[in-house]
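Fold and contact review
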Amino acid sequence: MSDFFAAQPAGAPGGDGSGGAPPPRGPARASRRPRPLLMAIIVVGAVVLGFSLFSGIWTDRLWFDSLGYGSVFSTLIWTRVGLFLAFGGLMAVVVGVNLWLAYRMRPMFRPHSPEQANLERYREVVTPMRRLLLVVVSLVFGVFAGTSATGRWRTFLLWRNGEDFGRNDPYFRRDIGFFVFDLPWLHFLVDFSMTVVFTALALAAVVHYLYGGIRLQSASDRFSGAAVGQLSALFGTFLLLKGVDYWLDRFDLTSQNGGLVTGMTYTRDNAVLPGKTILIFIAVICALLFFANIVRRTWLLPGVGLALFAISAVLLGGVWPGLMQRFQVKPNEADRESTYIGANIQATRNAFGIDDSRSTSYAASTELSQSELADSAATTEGVRLVDPQLVSDTFEQLQQVRGYYSVPDVLDVDRYDIDGTTRDVVVAAREMNLAGIPESQKNWSNEKTVYTHGYGLIGAFGNQRNAEDEPAATGGEPVWAEENLPPNGAISESQPDGQYRAQIYFGEQSPTYSIVGKRSGGNDVELDVPTSDGDSPSGSTSTTYAGKDGVAVGNVFNKLLYATKFGDANILLSGRVNENSKILYDRSPRERVQKVAPWLTVDRDALPAVVDGKMVWLLDGYTTSDKFPQAQKRSLEEMTSDAINPRSAYATLPTDQVNYMRNAVKATVDAYDGTVTLYEWDESDPVLQTWEKAFPGVVKPKSDIPEEVLDHMRYPEDLFKVQREMLARYHVLEPRTFYEGSDEWVVPTDPVDSRSSRKQPAYRLSVAAPGADDPVFSLTSTYVPRNRQNLASFMAVGADASDPETYGKFQILRLPGTQVPGPQQIANNFSNDTKVAAALRPFIQADANVQYGNLLTLPVGGGLLYVQPLYTERTGGDGTYPLLRFVVASFGEEVGIGATLSEALENVIESGAGTGTDTPDPTPDEGDSGGSGDVGGTGDPLPQGALELLQQADAKFAEADRALADGDLQGYAAAVDEAKALVERALSSQG
């Protein structure tokens, strides 16, 4: 390369071999120097940009170290640096060498022509700065290439640490690990190499053209011999790499999307695969022709070869497969594709963990008798009636305590051991909401150093009832399992000391960052828990964070780093930031798990739980791939989206299309000190084993999961929704039936929101399998046939991680011939039922808003029972919230309504027996509350005791009407409940 930097060749007065007088000197160099002010601006800008970049990297290092995951940061940063240097350096060297060669081999003399005369002006500009241009161009392309390579750290680490799956694909007989771990990296290497060679080819051609090695307007000798040799060598290398690319493309056929199924099909196996093999040989032959052209230096044979290669690529890659598909496959597609469909079914069920699932024929009964109801009492008494999506406002209004606390829009369902019985509990964390701070108190010190954390768990029994010896809920409000501040209730009482550490510094709604820690000997400044006993003048107690996580910001350097990171000079200037201060940020549990394990896809749903005297968040992490051979590929966002979560973004995935998914890891995040702990879950997952080799010591063994934590771990919701989407088609095991689509199911649209086409969510509740005595905590869903609305099947999966006998076991009840209404049809029945309309009429007349809760499905009495809570909410005014008023149930064609599920089921039975129309409604209709002395339309006289009870009930109904007229919905509901109890006593006295 020394010749490139040498003086101009002798005998070339113009310095470039073109002859002629030396070019005139330009203006004095001093006059072209930038002004000092401009130079200062450039230097300052570079320093600011550099420090901003440095602050982002260094604060990340401090964050990882504060959590004890410094090894993760080190692995990530050095892997990226290594990739940047290796691939950026390769690009820079190849580009630089070829630019030098192109300039070094430029012709010394060029014939005069208009083309060369025009180029001469550019040569005069470029030649004096050729050294700088070579370095700059090489570095620029190197930086772009290196930056692109750093994004491939996942691909590199998977290849570097890849494990075997222990099973081969059915077509190439290679271990699946080759496709998942090796193939993506090999593709990157080949694609990158082709990019490097093509870039060098293009830049070398530009230099040859600029210096006359390529003369496009010349009648003959358009290329110099040196140009032909260099460009031929680069063309030949590119074609050899293309041949290797075709070889790798053969393996991609096993995960190619589109067509009937993902993976190999008849056309791909018999046309595309042989075509790519033929193209490999054609590419190699064309490459040899170009290499021969280095000596022959004529474009005829290479040009002919290249043209034939292009034609072959079109014919073999498109025309031949298209003709085979149209004329050979389509007329007999079911037979031709049968083997490939079978391989796709088997691979898909294995890749998504549903290979053990089997559907069971369930001839659902459509009539429910009293004896069947009694037999199913244990199944129905714990059914979750509290809708986690609707009661957020109820929780907030009744348990918010202060305006600066809030709960999520959609709550969670957990289970707790209450008085020896496992109960479903709807829970929410009471988190800090800075928007609720009074306007007069909104300032930097309060928002960043005082209002730093939430406090405590809120819980309500899912079935809206207390223990047997406690009164039932009145007025439709939840029955609290945990309430108030400081928190108290059955959940607290279940803890070792009857209480737990309730501060929530790390939560789903935590502030962006908070600065905690007081001066030595100073006072606590963080608001802790509001008080109402008058002991505290400020109405609250104060505390100081003492957890492990947090980065020290007591020194000026760290203050400056974080002031730059958050763009907030107050961090540097405020007196609240002292020598003991720590800064807490990246506080969302999902964000923290994603950051310490960036190779995981983290489930959207984080569950707050009280465990062993503290609050923790429980999360699930997935390993995914889009390269599992023959497995069907689908959009993860599409599969996990539903009416509650219409969009699910997974930013860490290289692609949204996946065909392999495992719940590899379960994680906990301490709500107080932010500690993140990862546990193995699917120990047989080769992808997890590979990542554990890449990041040793990050994931703890499954055996280390504390028993108290395991009791609250659940089957992950997003995985279940992916599996239910796949089972909609892949419950079919016979290829011909699969091809015909005659037994294809779909997840029904959500019947609660009739205006939306979004899918019905999956529901967590305790369900008993047919013939089983005890309910099992489960995730449930239903299917309807494609383009139909009747029920096709019911599906549930055991969701209690502490019960290995039921966890992850699928229960699919398919309805072979019984016509059972689907969710949309049931919703229509409920809205048009006269008893339901009569019960809701008083609320509607009082301008209350009626809200239908989640429509639950569960097997009961040899059939399928639908249960839906009905909520009412006062319209207008502040502080409104929904209250559970009624429960609607349906079995077969019959609909029942009551204040409790038991009453609704009794109403269903009475309706089916032909007496439902005369059964007293849950609320009085006009003119039906008079004491006629008849019951059920029998005309038999009532004894005095029963008559007095009905007269008392009539008085209560009248009291309810007055309360309703006054707008007192709570009083109305209480009076109705008392009236109903009196009616039930009267009926009981008559047997």
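Every chain is numbered independently, its residues counted from 1 as its sequence is written. A pLDDT threshold of at least 70 governs which residues receive local features in this predicted model, and a stricter bar of 80 or more applies before side-chain atom pairs are shown or counted, although totals over entire chains, interfaces and linings include all residues. Only hydrogens and water are removed before side-chain values are computed, so all heavy atoms of the structure are retained for them.

1. A closer look at the overall build of the protein
The cut-off we apply is this: Numbering of helices and strands starts at the N terminus; helices are DSSP runs of H or I of at least 4 residues and strands are runs of E of at least 2. Between buried and exposed lies partly exposed: a residue is buried under 20% and exposed over 50% of the maximum accessible area for its type, with that area taken using a 1.4 Å probe on protein chains only. Contacts: residue pairs with any heavy atoms within 4.5 Å of one another. Here the Shrake-Rupley method, with its probe set to 1.4 Å, supplies the accessible areas, and only the displayed protein chains count as covering residues.
Helix and strand content of the protein: 29 helices and 32 strands. Among the 991 residues that make up the protein, the fraction classed as buried is 52%. Restricting the contact set of the protein to residue pairs at least 6 apart, pairs at least 24 apart contribute 70%. Carbon together with sulfur atoms contributes 54% to the accessible area of the protein, which is approximately 43,300 Å² in total.

2. Some remarks on the sheet that holds strand β13 (residues 551-552)
Our working rule: Note on pairing: two strands pair once DSSP finds at least 2 bridges between them.
Taken together, the three strands give an open sheet; going across it, the order is β10-β14-β13, and neighbouring strands pair in antiparallel fashion. Taken across any chain shown, the strands that pair with only one partner, and hence form the sheet edges, are β10 (513-516) and β13. Alignment of β13 against strand β14 (residues 582-585), held across two bridges, turns out to be antiparallel. From the neighbouring strand, Val551 faces β14, where its bridge partner is Ile583.

3. As for the nonpolar core
Threshold: By nonpolar core is meant a set of buried Ala, Val, Leu, Ile, Met, Phe, Trp, Tyr and Cys residues that side-chain atoms within 4.5 Å join together.
In terms of nonpolar packing, the biggest core is built from 226 residues, with Phe395, Leu678 and Phe695 touching the most fellow members. Element by element, the count of residues in this core is highest for helix α6 (residues 176-210), at 19 residues. Counting residues in hydrophobic clusters, the runner-up holds 10 residues, among them Leu239, Ala283, Phe290 and Phe309.

4. Observations regarding the sheet that holds strand β4 (residues 421-429)
Worth spelling out the cut-off: Axes, fitted as lines to C-alpha atoms, cover a helix only where it is in contact. Angles between the N-to-C directions of the axes lie from 0 to 180 degrees.
With antiparallel pairing, the four strands of this open sheet are ordered in space as β3-β4-β7-β8. What marks the edges here is a single partner per strand, and that holds for β3 (412-418) and β8 (480-482). If you compare each strand with its neighbour and ignore which way they point, the axes differ by 40° on average. In terms of strand pairing, β4 meets strand β7 (residues 457-461) through five bridges, oriented antiparallel. Residue pairing across strands places Ala429 opposite Leu457, the latter belonging to β7. The sheet contacts of helix α14 (residues 392-399) involve β4, β7 and β8, and relative to β7 the element is tilted by about 120°.

5. Overview of the pairing of strand β31 (residues 883-891)
The element β31 is largely enclosed, with a buried count of nine among its nine residues. In terms of strand pairing, strand β30 (residues 863-874) meets β31 through eight bridges, oriented antiparallel. Following the sheet pairing, Tyr866 is matched in β31 by Ser890. By the bridge criterion, five bridges tie β31 to strand β32 (residues 894-898) in an arrangement that is antiparallel. Residue pairing across strands places Val887 opposite Gly898, the latter belonging to β32. Here β31 hands over to β32 after two residues, with Gly892 in that stretch at a positive phi of 70°.

6. Brief notes about the packing of aromatic side chains
The condition that has to hold: Ring geometry is summarised as follows: Phe, Tyr and Trp rings, the Trp one being its six-membered ring, pair when their centres sit within 6.5 Å, and such pairs are stacked at plane angles under 30 degrees, edge-to-face over 60 and tilted between the two.
Scanning the model with the defined rule gives 48 aromatic pairs in all. An angle of 80° between the planes, with centres 5.9 Å apart, marks the rings of Phe843 and Phe886 as edge-to-face. Of this pair, Phe843 sits in helix α26 (residues 834-845) while Phe886 sits in strand β31; the two residues are 43 residues apart in sequence, bridging distant segments of the chain. What makes Phe843 buried here is its relative accessible area of 1%.

7. Details of helix α9 (residues 300-329)
So the rule is basically this: Expected span of a helix, by definition, is 1.5 Å for each gap between consecutive residues, and there is one gap fewer than residues. Here the bend at a residue means the angle between the axes of two seven-residue stretches, the one that ends at it and the one that starts at it.
The end-to-end C-alpha distance of α9, which contains 30 residues, comes to 40 Å, matching closely the 44 Å that a straight helix rising 1.5 Å per residue would cover. Maximal helix bending in α9 amounts to about 35°, located at Leu315. Those residues of α9 that sit buried are Pro302, Gly305, Phe309, Ser312, Leu316, Pro321, Met324 and Val329. Looking at the buried positions of α9, the neighbouring elements they touch are α7 (225-252), α8 (266-296) and α10 (333-336).

8. Concerning a negative patch on the surface
Heads up, the rule is: Put simply, a patch holds well-exposed residues, over 30% relative accessible area, that have no salt bridge, with like charges counted together within 9 Å and Val, Leu, Ile, Met, Phe, Trp or Tyr side chains within 5 Å. Here, a salt bridge means any side-chain nitrogen of Lys or Arg that lies within 4 Å of a carboxyl oxygen of Asp or Glu. When charges are counted, neither His nor the chain ends are considered; positive counts come from Lys and Arg and negative counts from Asp and Glu. The atom standing in for a charge is NZ when the residue is Lys, CZ when it is Arg, CG when it is Asp and CD when it is Glu.
Together, Asp417, Asp419, Glu493, Asp612, Glu707, Glu708 and Asp711 make up a negatively charged patch on the protein surface. If you trace the backbone, Glu493 turns up in helix α16 (residues 490-493). Look at Glu493 and you get exposed, because its relative accessible area is 63%.

9. A short note on the side chain of Thr254
Mapping Thr254 onto the fold places it in the loop between α7 and α8. Not counting residues up to four positions away in its chain, the partners in contact with Thr254 are Asp169, Phe172, Phe179, Gly263, Met264, Phe628, Pro629 and Gln630.

10. Quick word on the pattern of salt bridges
Scanning all chains against the criterion turns up 32 salt bridges. Residues Lys614 and Asp670 are paired through a salt bridge, measuring 3.8 Å at the closest nitrogen-oxygen approach. Taken together, the residues Lys614 in strand β17 (residues 614-625) and Asp670 in strand β20 (residues 660-670) connect sequence positions 56 residues apart. For Asp670, a relative accessible area of 6% gives the class buried. Connected through salt bridges with shared partners, the residues Arg604, Asp642, Glu717, Asp718 and Lys721 form a single ionic network.

11. Here's the deal with unusual backbone geometry
Pro486 follows Leu485 through a cis peptide bond whose omega is -10°. Unlike most non-glycine residues, Asn787 shows phi in positive territory, near 65°. Along the chain, Asn787 turns up in the loop between β25 (776-785) and β26 (793-798).

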